[in-house]
Amino acid sequence: MERPASSDLSQALTEWVRRVSRPIEFASRDDCAHVGAVRNLGSFVVAQVLNVLSAHVYPAALESRLMELRELFADFHAGLPAQEQKQRLERARAILGMLKRANMVGSDIEPGIVGKTMNESSARPRGPHELWRLPIRFAKGVGPKRAGALERIGVETVEQALWCLPWRYEDRSRIVPIAQLAPGLTATVCGTVVQAQLKGTRRRGMTVLEVVLQDRTGRIRGVFFNQAYLEQLFVVGAQVMWSGPVNPGRDGGTVLQMDVQQYDVVDDGARASLHVGRIVPVYHETKGWTSRQMRVLIHGLLDEYAANLDEPLPVSVRAKHGFPRIEDAIRSAHFPDKAADVQKLERGLTRAHRRLAFEELFVLQVALAQRQRQVKDEVKGIRFDTTTPMLKRLSAKLPFKLTAAQDRVVREILRDMAAPRPMNRLIQGDVGSGKTVVALHAMAVACGSGYQAALMAPTEILAEQHASSLRPLLEAIGIMPVVLTSGARTSARGKTLADIAEGRAQVVIGTHAIIQKGVKFARLGLAVVDEQHKFGVLQRKTLTEKGYRPDVLVMTATPIPRTLAMTVYGDLDVSIIDALPPGRKPVKTWLFGASERRKAYQLVVDQLKEGRQAYVVFPLVEESEKIDLKAAIQAAERLQREEFAAFRVGLLHGRLASKEKDRTMAEFKAGTIQVLVATTVVEVGVDVPNASVMLVEHAERFGLAQLHQLRGRVGRGEYQSHCVLLTTHDMQARGRPSGPTLFAEGAVPSSRQRLEALVRSSDGFVIAEEDLKIRGPGEFLGVRQWGMPEFRAANLVRDADLLQQARQEAFALVQRDPALSAPMHRVLRDVVMRRWQAKLDLGGVS
Ligand code: ADP
Ligand code: MG
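Parameters and conventions
Residues numbered from 1 in each chain as written. Chains lettered and ligands numbered in written order. Predicted model: local features only at pLDDT ≥ 70, side-chain atom pairs only at ≥ 80, totals over all residues. Heavy atoms only, no water. Helix = DSSP H or I, 4+ residues; strand = E, 2+ residues; numbered from the N terminus. Buried < 20%, exposed > 50% of the residue type's maximum accessible area, 1.4 Å probe, protein only. Axes fitted to C-alpha atoms, helices over the stretch in contact; angles between N-to-C directions. Parallel < 35°, antiparallel > 145°, perpendicular 65-115°, else oblique. Left-handed = near helix turned anticlockwise from the far one by under 90°. Contact = heavy atoms within 4.5 Å. Nonpolar A, V, L, I, M, F, W, Y, C, P; charged D, E, K, R; others polar. Salt bridge = Lys/Arg side-chain N within 4 Å of Asp/Glu carboxyl O. Core = buried A, V, L, I, M, F, W, Y, C linked by side-chain atoms within 4.5 Å. Near = heavy atom within 4 Å. Areas by Shrake-Rupley, 256 points an atom, 1.4 Å probe, with all protein chains shown as cover. Phe/Tyr/Trp six-rings, centres within 6.5 Å; stacked < 30°, edge-to-face > 60°. Pairing = 2+ DSSP bridges. pLDDT = per-residue confidence, 0-100. Right-handed = clockwise from strand over helix to strand, strands pointing away. Expected span 1.5 Å × (residues − 1).

Enquirer: Quick question: what am I supposed to make of unusual backbone geometry here?
Expert: Trans peptide bonds make up the majority, and among non-glycine residues the majority have a negative phi. You will see that His698, though not glycine, has its phi angle at about 50°, which is positive. Following the sequence through the fold, His698 ends up in the loop between strand E20 (691-696) and helix H24 (704-711). Judged by its relative accessible area of 24%, His698 is partly exposed. Phi at Leu820 takes a positive value of approximately 50°, unusual for a residue other than glycine. Relative to the helices and strands, Leu820 is located in the loop between helix H27 (800-816) and helix H28 (826-840).

Enquirer: Please explain the packing of helix H8 (residues 291-305) against helix H10 (residues 326-334) as it appears in this structure.
Expert: The angle between the axes and the distance between the axes are what describe a pair of packed helices. Their axes nearest at 11 Å, the elements H8 and H10 cross at an angle of 160°. With respect to H10, the element H8 is oriented roughly antiparallel. Between H8 and H10 the crossing geometry is left-handed. Across the interface between the two elements, Ile298, Leu302 and Asp303 from H8 touch Ile330, Arg331 and His334 from H10. A breakdown of the residues in the contact of H8 with H10 according to their chemical character gives three nonpolar, one polar and two charged.

Enquirer: How should I be thinking about the pattern of salt bridges in this particular structure?
Expert: Working definition: two side chains of opposite charge can pair if their charged atoms are close together. All told, the structure shown has 37 salt bridges when counted by the stated rule. Linking Asp328 and Arg325 is a salt bridge whose minimum nitrogen-to-oxygen distance equals 3.4 Å. Across the pair Asp416 and Arg425 runs a salt bridge, and its minimum N-O distance is 2.6 Å. We note that Asp416, like Arg425, is buried. Each member of the salt-bridge network shares a partner with another, and the members are Glu311, Arg318, Arg355, Glu359 and Arg835.

Enquirer: Honestly, the nonpolar core in this entry has me stumped. Any pointers?
Expert: Nonpolar side chains tend to gather and get buried jointly when the protein is soluble and globular. Among the nonpolar cores identified, the biggest contains 69 residues, and Ile136, Leu162, Leu301, Leu356 and Phe362 are the most heavily contacted of them. Mapped by element, the contributors of at least two residues to this core are helix H6 (144-152), helix H7 (158-162), H8, H10, helix H12 (351-377), helix H20 (562-568), H27 and H28. It is H12 that contributes the most residues to this core, 12 residues altogether. If we skip the residues at most four places from it in the chain, Leu301 touches Ile136, Ala139, Val158, Ala161, Leu162 and Ala306.

Enquirer: Can you help me understand the site of ligand 1 in this one?
Expert: Among the 16 residues in the neighbourhood of ligand 1, the closest are listed as Gln406, Gly432, Lys435, Thr436 and Arg584. If ligand 1 stood free it would expose 560 Å²; the protein chains cover 82% of that surface. Its residues assigned to classes, the shell around ligand 1 comprises four nonpolar, six polar and six charged.

Enquirer: Even after reading the chapter, I still don't get the packing of aromatic side chains, so can you show me in this structure?
Expert: How two aromatic rings sit relative to each other is set out by the distance from centre to centre and by the angle between their planes. Going through the model one piece at a time under the given rule, you end up with 12 aromatic pairs. Between Phe224 and Phe234, the ring centres sit 5.2 Å apart and the planes meet at 40°, which makes this aromatic pair tilted. Taken as a pair, Phe224 in strand E4 (residues 219-225) and Phe234 in the loop between E4 and strand E5 (239-247) lie far apart in primary sequence, 10 residues in all. Accessibility classification places Phe224 together with Phe234 in one group, the buried group. The interplanar angle of 70° and the centroid separation of 5.3 Å between the aromatic rings of Phe384 and Tyr451 together place this pair among those described as edge-to-face. Taken as a pair, Phe384 in the loop between H12 and helix H13 (389-397) and Tyr451 in the loop between helix H15 (435-448) and strand E10 (452-457) lie far apart in primary sequence, 67 residues in all. Pairwise contacts between aromatic rings join Phe224, Phe234, Trp242 and Tyr263 into one cluster.

Enquirer: What am I meant to see in the sheet that holds strand E15 (residues 573-577) here?
Expert: Where strands meet in a sheet, backbone hydrogen bonds hold them as pairs that are either parallel or antiparallel. Strand order in the open sheet formed by seven strands is E11-E12-E10-E13-E14-E9-E15, with parallel pairing between adjacent strands. The open sheet has two edge strands with one neighbour each: strand E11 (481-484) and E15. Strand-to-strand twist across the sheet, computed as the mean angle between neighbouring axes with direction ignored, equals 20°. Here E11 pairs with strand E12 (residues 507-511) via four bridges, running parallel. The residue of E12 that forms the bridge with Pro481 is Val507. Helix-sheet contacts for helix H14 (residues 404-418) involve strand E9 (424-429), strand E13 (524-530), strand E14 (551-556) and E15, and the interaxial angle to E15 is about 160°.

Enquirer: Whenever I open this one, the sheet that holds strand E16 (residues 588-592) confuses me. Can you help?
Expert: Taken together, the six strands give an open sheet; going across it, the order is E16-E21-E20-E17-E19-E18, and neighbouring strands pair in parallel fashion. Strands with a single pairing partner mark the edges of an open sheet, and in this sheet they are E16 and strand E18 (649-652). Averaged over all pairs of adjacent strands, the angle between their axes in this sheet comes to 20°, without regard to strand direction. With five bridges joining them, strand E17 (residues 613-617) and E20 adopt parallel strand pairing. Opposite Gln613, over in E20, you have Ala691 as the bridge partner. On top of the sheet, helix H23 (residues 658-670) reaches E17, E18, strand E19 (675-678) and E20; it is set at about 140° to E18, its chief contact.

Enquirer: What am I meant to see in the confidence of the model for the chain here?
Expert: The predicted coordinates ought not to be read in detail in places where the model reports low pLDDT. Here the chain shows a mean pLDDT of 81. Residues at 70 or above account for 83%. Under a pLDDT of 50 for its full length, residues 534-538 has, in the predicted model, 16 contacts with residues more than four places off or in other chains. The low-confidence segment residues 731-749, where pLDDT is below 50, has 31 contacts with residues more than four positions distant or belonging to other chains.

Enquirer: Any chance you could explain the pairing of E18 here in plain terms?
Expert: Each regular strand shows side chains that alternate between the opposite faces of the sheet. The sheet contact formed by E18 and E19 spans four bridges and is parallel. Looking across to E19, one finds that Leu652 is bridged to Ala678. Once you follow E18 into H23 and on to E19, the crossover reads as right-handed.

Enquirer: Got a minute to help me understand H8 in this structure?
Expert: The periodicity of an α-helix, 3.6 residues per turn, causes residues three or four places apart in sequence to face the same way. Given a rise of 1.5 Å per residue, 15 residues ought to cover 21 Å, and the 20 Å separating the end C-alpha atoms of H8 matches this to within 8%. Within H8, 11 of the 15 residues are buried, which leaves the element mostly enclosed by the surrounding structure. Within H8 the residues assigned to the buried category are Ser291, Arg292, Met294, Arg295, Val296, Leu297, Ile298, His299, Leu301, Leu302 and Tyr305.

Enquirer: Explanation requested: helix H16 (residues 460-476) in the structure shown.
Expert: An ideal rise of 1.5 Å per residue puts 24 Å on 17 residues; H16 measures up with 24 Å between its terminal C-alpha atoms. Buried residues of H16: Glu460, Ile461, Leu462, Ala463, Gln465, His466, Ala467, Leu470, Leu473 and Leu474, and no others. Positive backbone phi, at 85°, marks Gly478, one or two positions downstream of H16.

So, in structure tokens, the structure goes:
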């Protein structure tokens, strides 16, 4: 792309000032004697101002002068008192004079106009690699106010602005001669306004603006309803671009009419215009910035700064993948070549887009590779004996044989524990795959080697449950467990803390508060984190900050798609338990609409009559937590009175005192409560094999992965289990055959699609991929909360292949140059540090 010199720009402005001055000077002459002779002076000036403002972004000071000029003429007409006319013309001349002088000085502004901008521009940091800290406020045409609008959408620096890619493109490269138009065509035309008429209509308050546009070949009419302000744009003589579908028009087709969907005023300099005659980028609009203004802003920024963009991709990587340089990629992502494929552009599949996406992924992967090395470089002051007799004892006491998958993962863990480097391993396994017992082997090794182990669950309920299911086994092999929950009485807690600090307590079970609230361990050797996604990514940091350097094992049933796992857990080693213990019957999943409630609850009652138990889950979404909670409580009461009158119903939610929770949970486990009405606190980990029904109310309000978790609460015993998804929408189709999985109108298509995926598959990974596709990574499981990076160009679903490549390249590069100290990696190192040092707790790299 050619880059117009800034002198072109100032020449254009000089030109403009001259053009606007001409009628104003004429009108002012002879003590304003000629005002009456200049027709439409007001609308002319206003149109010219709008014109020049839309053609380029000027410094705020200059812009405010232009706006003042517009104000002066907005209601200028021959009927104004002569004195008023005179004053306004005088002021206009003064402004034009200032504009002219300011413009001569060059791109900066004459100090006389605004001193402040001058200071700012002299403070502007300049240097080859500093766009990342060059505030957008200092860019040309961005005053403090407009900068504020950008900052609100996260654009604070010039670099961020340049990375703010269009979300859409419009092909305005083909201008069709008006004579070639025919009704039914959709086209872009460009011409001069030859006629513009604003009319009122019979209906009060309605205006119709009729504009006729002419090019060398013919004329076309555009009709604009209730957009009187366009009169200022489409003044006679203005060069404009329209695009939209063509129709016969009312007078039988002599002049066709266009249903104008896009319009632009083409600056009459008619050099390569930004807005027409090319594939035009369309940006998300925000308060204070139209797409058009963004286009002008970005164009200006590209001219001035694109050459200074950081190029973190090593030449070799770029060459291997055929990626363009950063400057070229950013330029053509904003202002693509005329020949570019709009479809490809919009899907982010051009070479430029792919390169930008790759860069983001690559930089993250380099950071992760470095972090992994850092952890690996830590020396572990711990020696585990993986041949401890404790392991044999555990096998002897286990009521079942490990599955092949469990056995494989246990061996992977033992290998890590025996190694001289700390373990940092993630165990992924679907709900019910038996992760706990795998972790138990690691704990046995730790305790058998004389260390303590901590097992941390996301909720107190789960901690209690782990404690009650593990205690018998642990005690049977001679390990003393303690539970540390906030509910414990102070005296008991004091004793527990002492047991931990003095090393008598070998396994400590609790929530993550164990680590966060300064509990002192005598010899912490192993930290097991259950259901990792509730904890955030930086668990290890918390541990090391407390001065512990244990081996870390995180477990998650959250079926994280591969691409997501690679970014979120990019620095962990991953083990996957990919098989369920034998004898599990797949859970039957049912989907019922609102009109099928009776049927749904009947299914539950039938199971209860057989001696089974059931969960009924209500959503609890944060924003409306209070209302939801009330709904859940009322529903529990109603269910007890009506549907489940013959059974005992218990209520479990996060607001209950932990003693009460424990009691309810214990009663449910013991079977004295048959129905547990709960908010999603049962989402993870609860294990009651006799429960065979999971009924979820308002299923459409849950994420798929969450529903899959809930479903995982049943089917844990020998009984055929059921998961009943009840939606608020009525999904019943008229005259449809019976069967619960059909849908009809009513349900939002996306929620229908989503829920269907659950009925179709019982594989957590399949479901997670589906969820990711439908909701996108930002929404997926609320990943934002756990520090999931937001990308500007990359898309984890679309760019799965790029992520894979980026990871390979990144890890290979860090292998060769761990500190990125080679001169050719300097920019990369800086970029990695800037983007990820704080977020990933990267140590300083020397
Ligand atoms: P999750 O992976 O969801 O945490 P758990 O560890 O809670 O699963 O195990 C689910 C259930 O499966 C538990 O009741 C556990 O005792 C049982 N289990 C685990 N491994 C096996 C196995 N190899 N054979 C039979 N039952 C098993
Ligand atoms: Mg579990």
